[in-house]
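# Summary of structural features
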Amino acid sequence: MGEGLSVETEGKRDFISREIEVFQTEAEDLARKHKMSPESKKLFNVLILGVSFMFIFTAFQTCGNIAQTVITNLNSTDFHGSGYTSMSIIYGVFSASNLFSPSVVAIVGPQLSMVVSGLFYSLYIAVFIQPSTWSFYTASVFIGIAAAVLWTAQGNCLTVNSDENSIGRNSGVFWALLQSSLFFGNLYIYFAWQGKTYITESDRRTVFIALTVISLVGTVLFFLIRKQEDTKAPGEADSTNEIPGESSSAQNKMTKAVDAFKRSVKLSFTKEILLLSVTTAYTGLELTFFSGVYGTCIGAVNRFGGDEKSLIGLSGIFIGVGEILGGGIFGLLSKNNRFGRNPVVMLGIIIHFIAFYLIFINMPNDAPIAPMEGTDGVAYMIPSKEVAIFCSFLLGLGDSCFNTQLLSILGFLYSEDSAPAFAIFKFVQSICAAVAYFYSNYFLLQWQLLIMVIVGFFGTITFFAVEWKAATLRARGSEYSSI
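Residues numbered from 1 in each chain as written. Predicted model: local features only at pLDDT ≥ 70, side-chain atom pairs only at ≥ 80, totals over all residues. Heavy atoms only, no water.

### Quick look at the overall build of the chain
Scanning the chain from terminus to terminus reveals 16 helices and zero strands. When each of the 483 residues of the chain is scored for burial, the buried share is 54%. Pairs at least 24 residues apart make up 86% of the contacts formed inside the chain by residues separated by at least 6 positions. Carbon and sulfur atoms make up 66% of the accessible area of the chain, which amounts to about 20,900 Å² in all. (Helix = DSSP H or I, 4+ residues; strand = E, 2+ residues; numbered from the N terminus. Buried < 20%, exposed > 50% of the residue type's maximum accessible area, 1.4 Å probe, protein only. Contact = heavy atoms within 4.5 Å. Areas by Shrake-Rupley, 256 points an atom, 1.4 Å probe, with all protein chains shown as cover.)

### As for the packing of aromatic side chains
Within the structure shown, the criterion is met by 26 aromatic pairs. Ring geometry for tyrosine 91 and phenylalanine 94: centres 6.0 Å apart, planes at 35 degrees, overall tilted. Here tyrosine 91 pairs with phenylalanine 94, and both are found in helix H3 (residues 83–97), just three residues apart, close to one helical turn. You can call tyrosine 91 buried: its relative accessible area is 10%. Given the relative accessible area of 4%, phenylalanine 94 is considered buried. Connected via pairs of aromatic rings, a cluster forms that spans Phe53, Phe57, Phe60, Tyr121, Tyr124, Phe128, Phe136, Tyr137, Trp151, Phe174, Phe208 and Phe222. In this structure, arginine 226 is placed above the aromatic ring of phenylalanine 44, and the distance from its NZ or CZ to the ring centre is 5.0 Å. Its guanidinium or amino end placed over the ring of tryptophan 151, lysine 426 lies 4.0 Å from that ring's centre, counting from NZ or CZ. (Phe/Tyr/Trp six-rings, centres within 6.5 Å; stacked < 30°, edge-to-face > 60°. Lys NZ or Arg CZ within 6 Å of the ring centre and 35° of its normal.)

### Section: helix H4 (residues 101–108)
Buried within H4 are the following residues: Ser101, Pro102, Ser103, Val105 and Ala106. A positive backbone phi angle near 95 degrees is found at glycine 109, which sits one or two residues after H4.

### Thoughts on the environment of serine 52
The topology assignment puts serine 52 in helix H2 (residues 38–74). With a relative accessible area of 0%, serine 52 lands in the buried category. A sequence separation of 171 residues divides serine 52 from phenylalanine 223, and the C-alpha atoms of the two residues are 9.8 Å apart. Sequence-distant contacts of serine 52, that is, excluding residues within four places in its chain, are made with Gly218, Leu221 and Phe222.

### Let's talk about the packing of H4 against helix H6 (residues 133–160)
One way to put it is that H4 packs onto H6 with a least axis distance of 9 Å and a crossing angle of 65 degrees. Between H4 and H6 lies a crossing whose hand is right-handed. Here Ser101, Pro102, Val104 and Val105 of H4 lie close against H6, whose contacting residues are Ala148, Val149, Thr152, Ala153 and Asn156. Taken together, the residues of the contact of H4 with H6 sort by class into six nonpolar, three polar and no charged. (Axes fitted to C-alpha atoms, helices over the stretch in contact; angles between N-to-C directions. Left-handed = near helix turned anticlockwise from the far one by under 90°. Nonpolar A, V, L, I, M, F, W, Y, C, P; charged D, E, K, R; others polar.)

### What about the side chain of threonine 219?
Inspection of the secondary structure assignment puts threonine 219 in helix H9 (residues 201–221). Within the structure, the side chain of threonine 219 is placed 3.0 Å from the backbone oxygen of serine 215, a separation counted as a polar contact. Filtering out sequence-adjacent residues up to four positions away, threonine 219 remains in contact with Ile56, Val115, Gly118, Leu119 and Ser122. (Polar contact = N/O pair within 3.5 Å; in protein donor to acceptor, adjacent residues only side chain to side chain.)

### Description of the confidence of the model for the chain
Mean pLDDT for the chain: 78, with 78% of residues reaching 70 or above. Taken element by element, the chain is modelled with least confidence in helix H1 (residues 2–34), mean pLDDT 56, and with most confidence in helix H13 (residues 342–362), mean pLDDT 93. The low-confidence segment residues 230–248, where pLDDT is below 50, has 30 contacts with residues more than four positions distant or belonging to other chains. Residue range residues 478–483 is modelled with pLDDT below 50. Its contacts to residues more than four positions away, or to other chains, number twelve contacts. (pLDDT = per-residue confidence, 0-100.)

### Considerations on the environment of lysine 41
When you line up the elements, lysine 41 lands in helix H2. Separated by 186 residues in sequence, lysine 41 and lysine 227 have C-alpha atoms that sit 8.8 Å apart.

### Quick notes on the packing of H6 against helix H7 (residues 167–179)
Their axes nearest at 11 Å, the elements H6 and H7 cross at an angle of 140 degrees. Relative to H7, the element H6 is oriented oblique. The interaxial crossing formed by H6 with H7 has right-handed handedness. Contacts between H6 and H7 involve Trp151, Gln154 and Leu158 from the former and Asn170, Ser171, Phe174 and Leu178 from the latter. Here the contact of H6 with H7 is composed, by residue class, of four nonpolar, three polar and no charged. (Parallel < 35°, antiparallel > 145°, perpendicular 65-115°, else oblique.)

### Some details on a nonpolar patch on the surface
On the surface, Phe100, Ile107, Val108, Leu112, Val116, Phe120, Leu123, Val141, Phe142 and Ile145 cluster together into a nonpolar patch covering about 740 Å² of accessible area. Breaking the nonpolar patch down by element, the ones donating at least two residues are H4, helix H5 (110–126) and H6. Examining the composition of the nonpolar patch, we find that four residues originate from one element, H5, more than from any other. You can see isoleucine 145 is positioned in helix H6. The class for isoleucine 145 is partly exposed, based on a relative accessible area of 30%. (Patch = residues over 30% accessible without salt bridge, like charges linked within 9 Å, V, L, I, M, F, W, Y side chains within 5 Å. Salt bridge = Lys/Arg side-chain N within 4 Å of Asp/Glu carboxyl O.)

### A word on H3
When the terminal C-alpha atoms of H3 are compared, their 21 Å separation across 15 residues agrees well with the 21 Å that a helix rising 1.5 Å per residue should span. Burial analysis of H3 places eleven of its 15 residues in the buried class, which makes it a mostly covered element. For H3, the set of buried residues is Gly83, Tyr84, Ser86, Met87, Ser88, Ile90, Tyr91, Val93, Phe94, Ser95 and Ser97. (Expected span 1.5 Å × (residues − 1).)

### Points about the nonpolar core
Side chains of a nonpolar character, in soluble globular proteins, are inclined to be buried together. Counting 111 residues, the largest nonpolar core has Phe53, Tyr124 and Met363 as the members making the most contacts within it. Here the element with the most residues in this core is helix H14 (residues 385–413); it accounts for 14 residues. Two domains share this core, each providing at least three of its residues, namely domain 1 (37–226) and domain 2 (269–472). When sequence neighbours within four positions are dropped, the list of residues in contact with tyrosine 124 reads Phe60, Cys63, Ser86, Met87, Ile90, Phe136, Ala139, Ser140 and Ile143. (Core = buried A, V, L, I, M, F, W, Y, C linked by side-chain atoms within 4.5 Å. Domains from an automatic or database assignment.)

Here it is in structure tokens:
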């Protein structure tokens with residue numbers, strides 16, 4: 001009887017074991033069928049990266065576009081902040097923080113770096129729900145630090161998920177998704193603020209609660225970025241290009257941080273980085289102009305009738321249309337890039353020079369620093385809404401020309417040092433943006449346009465010099481070794 005039970009028990013055990021083995025085999029087969037190829041996974045990561053940034057910057061760029069106008073309407077209360085000063089603080093701290101952001105990304109990993117940074121972006125936007133001067137400027141400092149980490153991690157993530165053949169396409173796809181953020185938030189501003197000459201407390205709270213939630217959605221999406229398989233040989237170091245960062249000892253992480261900082265310093269003094277810094281400086285100046293100053297100018301022109309406040313939103317929409325169009329077109333054209341990046345950058349500077357000329361003759365000279373009552377001034381023509389919005393489109397299109405090509409050339413030249421290279425790029429861009437936001441409090445429109453024309457001219461020439469070297473490297477089929 002006991003032997004019979006034993007045989008029966010063993011039979012059941014064998015049956016269960018066989019069933020488990022069959023289930024495991026079927027599960028493994030199913031996993032293999034649905035497993036993404038390495039290229040599909042990389043493209044998926046780039047798309048998630050772009051969509052996450054689209055949500056966060058739908059909130060942040062809309063916030064930046066309307067901040068000075070909202071604050072002007074607040075200055076009759078206990079709040080006495082300045083949107084220009086806040087942005088100057090943000091970009092000033094941003095630039096300084098780029099000195100250590102590669103170390104942070106090396107220790108924490110790019111994925112977690114972007115998540116934490118996204119939370120600080122949401123915090124800054126939430127300050128406008130019930131603003132006070134001290135919290136406004138304090139949040140400006142924190143978001144400056146977060147921005148440095150966010151953009152360094154973004155550059156690292158984009159480079160890890162690209163190769164020499166796909167970096168141009170991926171840069172264009174990311175840029176188009178990122179800049180579509182200008183469309184959605186500003187579309188709401190256009191319709192919600194139509195006919196308004198004063199922004200009420202209810203208007204302000206409704207907008208900024210919605211923007212805070214949108215920013216948080218983008219932050220959560222970073223968790224969907226998939227880790228790349230480790231394809232390096234055993235013992236081969238990879239200090240910055242891990243998504244997310246592998247667990248390691250505290251000593252190893254500190255070594256990574258120090259190495260990342262040393263590479264950043266060393267890269268800063270290479271010929272290519274110094275030349276590209278002039279181009280990057282221009283992108284910082286024009287970033288300030290189209291994202292903060294130009295919308296304020298439009299909102300200050302009384303001759304636009306009762307539509308000047310809603311036109312701020314429409315301006316942001318057309319900047320976004322230009323950015324998306326440029327990112328999409330230049331991303332597709334990168335597949336057939338026998339002419340290199342120079343023609344795109346040349347197109348960008350021509351578009352911007354046309355925009356600057358039209359703005360110069362259309363907008364009153366005192367528009368950037370006009371009081372809450374606005375300005376009744378006239379430039380060289382009666383201010384035209386159509387010309388103003390067309391210039392918004394040109395500003396966005398020209399900006400996409402420069403930024404897609406800068407992302408592309410940095411990813412190509414510094415594929416092995418992506419985090420330090422992108423940190424230097426953002427350091428230069430942000431410090432110039434900070435300077436531009438500072439002088440925007442004082443300079444008339446004509447002087448701001450003249451500064452951009454001069455720096456843009458020299459920035460185009462220096463980009464050409466670096467691209468000619470990159471073209472030579474491509475022709476030789478050699479890999480660039482930065483250090």
